[in-house]
Amino acid sequence: MTSADEQIEHRQNQFHTWGVYGLLAVSTLLSVAAHELMTSPAEWYAAGALVVAAVLLQLWHGPRRGRRTPSARGTVYYVLRWAVAFALTWLNPFFGFYAATGYFDSDELIPGRRRPWLGLLATVVVVAGSQSGGMPIRSPTQWLLFGGLLAANFGLLTVVGHITQQEEERSRERAVTIIELERTNAALQRALDENAALHAQLLVQAREAGVADERRRLAAEIHDTIAQGLTGIIAQLQVVANAPDLAVARTHLERASDLARHSLGEARRSVHNLAPVALADAGLPEALKKTVAEWGERTGVRAEFTVTGTAEQLHEEVAATLLRIVQEALSNASRHASAGRVGVTLSFLGDEVILDIRDDGRGFDPLTVPARTGSGGFGLDGMRARAERIAGSLTVESEPGHGTAVSARVPLVRHD
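Parameters and conventions
- Residues numbered from 1 in each chain as written.
- Predicted model: local features only at pLDDT ≥ 70, side-chain atom pairs only at ≥ 80, totals over all residues.
- Heavy atoms only, no water.
- Pairing = 2+ DSSP bridges.
- Helix = DSSP H or I, 4+ residues; strand = E, 2+ residues; numbered from the N terminus.
- Axes fitted to C-alpha atoms, helices over the stretch in contact; angles between N-to-C directions.
- Contact = heavy atoms within 4.5 Å.
- Core = buried A, V, L, I, M, F, W, Y, C linked by side-chain atoms within 4.5 Å.
- Buried < 20%, exposed > 50% of the residue type's maximum accessible area, 1.4 Å probe, protein only.
- Phe/Tyr/Trp six-rings, centres within 6.5 Å; stacked < 30°, edge-to-face > 60°.
- Lys NZ or Arg CZ within 6 Å of the ring centre and 35° of its normal.
- Right-handed = clockwise from strand over helix to strand, strands pointing away.
- Salt bridge = Lys/Arg side-chain N within 4 Å of Asp/Glu carboxyl O.
- Parallel < 35°, antiparallel > 145°, perpendicular 65-115°, else oblique.
- Left-handed = near helix turned anticlockwise from the far one by under 90°.
- Nonpolar A, V, L, I, M, F, W, Y, C, P; charged D, E, K, R; others polar.

Engineer: Teacher, can you tell me more about the sheet that holds strand β4 (residues 393–398) here?
Structural biologist: Hydrogen bonding along the main chain pairs the strands of a sheet, whether they run parallel or antiparallel. In spatial order, the strands read β1-β2-β3-β5-β4; together these 5 strands make up an open sheet with mixed pairing. A strand with exactly one partner marks an edge of an open sheet, and here the two such strands are β1 (302–308) and β4. Shown here is a sheet whose adjacent strand axes are inclined to one another by a mean of 10 degrees, direction ignored. Pairing of strand β2 (residues 341–348) with strand β3 (residues 352–359), which is carried by 7 bridges, proceeds in the antiparallel orientation. Looking at β3, one finds that Gly343 is bridged to Arg358. Set on the sheet, helix α9 (residues 284–299) makes contact with β1, β2 and β3; between it and β1 the angle comes to about 170 degrees.

What follows is the structure, encoded as structure tokens:
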């Protein structure tokens, strides 16, 4: 029960407890003022005795402490109070105010569904008699007035009772609704608790997946940097071993040294999850141009780089992914294709970026690509995984004797 409900209940208790005394007092004062209605001392003595009996009856009934349950004791009290009110009204019609107390508590005192209406009807008879000039009724005109007042009072009482009943039904419905809402809130709280537990579990799974993805990323980074750099160094040192003169050997030693420094920088940045060294001071087009040129100079293969569309500054992850794909494709071309010419094209097409790497090497059958071994590189699978990680795709077209074309399509995500 809310504080407002408690306050309403307290006021109802006060009204039912003190209202009877108040109406009895008002009736007594009005009757004294209209003393000419009681002409004999016997009537005054009888009225006084009945007022004292009404007070004693109310004291016996006691104060109201919450809504009462109808009972036989309550019925006795109601009948006795009605009898006292009837007798007082017979002596003086102004005691009809006291008789009206029967309107307020018949449903709390008289058990049964229809019996309270009998009590109300009896009260209406007394009240209508007092309103029509008092009892006994002495003339036909007073009888007509009594009948009209009886009908009016009972009709008004019926309307008020019907409205009260509807309000009680609505109150019961509201109480049921509140109970249902409390149950729903409890169920919702349980669901929220379950969702919180599920969310925590998903966070753990996401963290584990992130760790696994980070391991794969670092493995790919090491493959694309240290492994390729070491491959280039080995190739340069092999040339040094067979160099015809010191000048040629020195040139390839310088290239091997540059590759070693470059690979070392890439390894450090990969560990710190930063962009590739080539992207540190330039955008993707410049980094690709430099990478292609250095690869062509190192391998002796004619390599060309082209940019189409309006170049834009890409997000670091997108730029790094495309650069790694080019590095892997060039590494594959140098190791497997025996190509004489390689072309790399970077195309900006509004909402996506397309990277094409083509060579005129020996080619292969994409359906017969051998599975990756423990000593092998990441190859096509690694490039495809990189593209898909940023919501892109990678396609390979090749045929034995007709070269290879690798195309990566990724969303154009601009630099923050």
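Engineer: Would you take a moment to explain the nonpolar core for this structure?
Structural biologist: If you look at soluble globular proteins, the nonpolar side chains tend to sit buried side by side. Counting 35 residues, the largest nonpolar core has Leu314, Leu322, Val344, Leu346, Leu355 and Ile357 as its most contacted members. Breaking this core down by element, the ones donating at least two residues are α9, α10 (316–337), β2, β3, α11 (379–389), β4 and β5 (404–411). In terms of residues, this core owes the most to one element, α10, which gives 10 residues. Those residues within four positions of Leu322 in sequence are excluded, and the remaining contacts are Leu284, Leu314, Leu346, Val353, Leu355 and Val410.

Engineer: I keep staring at unusual backbone geometry and nothing clicks. Help me out?
Structural biologist: With a phi close to 55 degrees, Ser338 is a non-glycine residue in the positive phi region. Along the polypeptide, Ser338 turns up in the loop between α10 and β2. The backbone phi angle of Ala391 is positive, close to 65 degrees, even though this residue is not glycine. As for its placement among the helices and strands, Ala391 is situated in the loop between α11 and β4.

Engineer: Mind showing me how you'd approach the packing of aromatic side chains here?
Structural biologist: What describes a pair of aromatic rings is the distance from one ring centre to the other and the angle between the planes of the rings. For the structure shown, the criterion picks out 5 aromatic pairs. Ring plane angle 20 degrees and centroid distance 5.4 Å describe the contact between Trp82 and Phe86, whose orientation is recorded as stacked. Linking Trp82 with Phe86, this pair stays in helix α3 (residues 72–91), spanning 4 residues, or about one helical turn. The exposure class assigned to Trp82 is partly exposed, which follows from its relative accessible area of 30%. Judged by centre distance (6.0 Å) and plane angle (90 degrees), the ring pair of Trp143 and Phe146 falls under edge-to-face. Residue Trp143 and its partner Phe146 are located together in helix α7 (residues 140–241), separated by 3 residues, close to a single helical turn. Connected via pairs of aromatic rings, a cluster forms that spans Trp82, Phe86 and Trp90. Just above the ring of Trp60 sits the side chain of Arg73; from NZ or CZ to the centre is 4.2 Å.

Engineer: Looking at this model, I keep getting lost on the environment of Gly96. Mind explaining?
Structural biologist: Along the polypeptide, Gly96 turns up in helix α4 (residues 96–99). Dropping the residues within four chain positions of it, Gly96 is found in contact with Thr89, Val127 and Ser130.

Engineer: Explanation requested: the pairing of β1 in the structure shown.
Structural biologist: If a strand is regular, its side chains alternate between the two faces of the sheet. Direction of pairing for β1 relative to β2: parallel, over a ladder of 7 bridges. If you follow Ala303 over to β2, its bridge partner there is Val342. Handedness of the crossover joining β1 and β2 through α10: left-handed.

Engineer: I tried to follow the pattern of salt bridges on my own but got confused; where do I start?
Structural biologist: A side chain with one charge can pair with a side chain of the opposite charge if their charged atoms come near. Scanning the model with the defined rule gives 10 salt bridges in all. With a shortest N-O distance of 3.8 Å, Glu317 and Arg389 are connected by a salt bridge. Pair noted here: Glu317 is in helix α10 and Arg389 is in helix α11, with a separation of 72 residues, a long-range link. Overall, Arg389 belongs to the partly exposed group, its relative accessible area being 31%. In this structure, Glu328 engages Arg335 in a salt bridge whose closest nitrogen and oxygen atoms are separated by 4.0 Å. Glu328 sits in the buried class, given a relative accessible area of 1%. Arg335 sits in the partly exposed class, given a relative accessible area of 39%. It is possible to trace a salt-bridge network through shared partners that takes in Arg302, Glu304 and Arg341.

Engineer: Teacher, can you tell me more about the environment of Ser334 here?
Structural biologist: Among the secondary structure elements, Ser334 is positioned in helix α10. A C-alpha to C-alpha distance of 10.0 Å links Ser334 and Arg298, two positions 36 residues apart in sequence. When neighbours within four sequence positions are excluded, Ser334 is seen to be in contact with Trp295 and Thr299.

Engineer: Hey, could you run me through the packing of α3 against helix α6 (residues 115–131) in this one?
Structural biologist: Axes are the key here: two packed helices are described by the angle between their axes and the distance separating the axes. Close contact between α3 and α6 brings their axes to 10 Å; oriented N to C, the two are set at 15 degrees. In terms of axis orientation, α3 runs roughly parallel to α6. Seen along the crossing, α3 lies across α6 with a hand that is left-handed. Along the contact surface, α3 presents Tyr78, Trp82, Ala85, Phe86 and Thr89, while α6 presents Gly119, Leu120, Ala122, Thr123, Val126 and Ser130. Residue composition of the contact of α3 with α6, by class: 7 nonpolar, 4 polar and no charged.

Engineer: Help me understand the packing of α10 against α11 in this model?
Structural biologist: Closest axis-to-axis distance for the α10/α11 pair is 10 Å, and the angle between their directions is 165 degrees. By the angle between their axes, α10 is roughly antiparallel relative to α11. Note that α10 runs across α11; the crossing there is left-handed. Contact with α10, carried on its side by Glu317, Thr321, Arg324, Ile325, Glu328, Ala329 and Asn332, involves Gly379, Met383, Arg386, Ala387 and Arg389 of α11 and no other residues of that element. When the residues that make up the contact of α10 with α11 are grouped by side-chain class, the tally is 4 nonpolar, 3 polar and 5 charged.

So, to be careful, I would describe these as geometric facts and stop short of saying anything about function.
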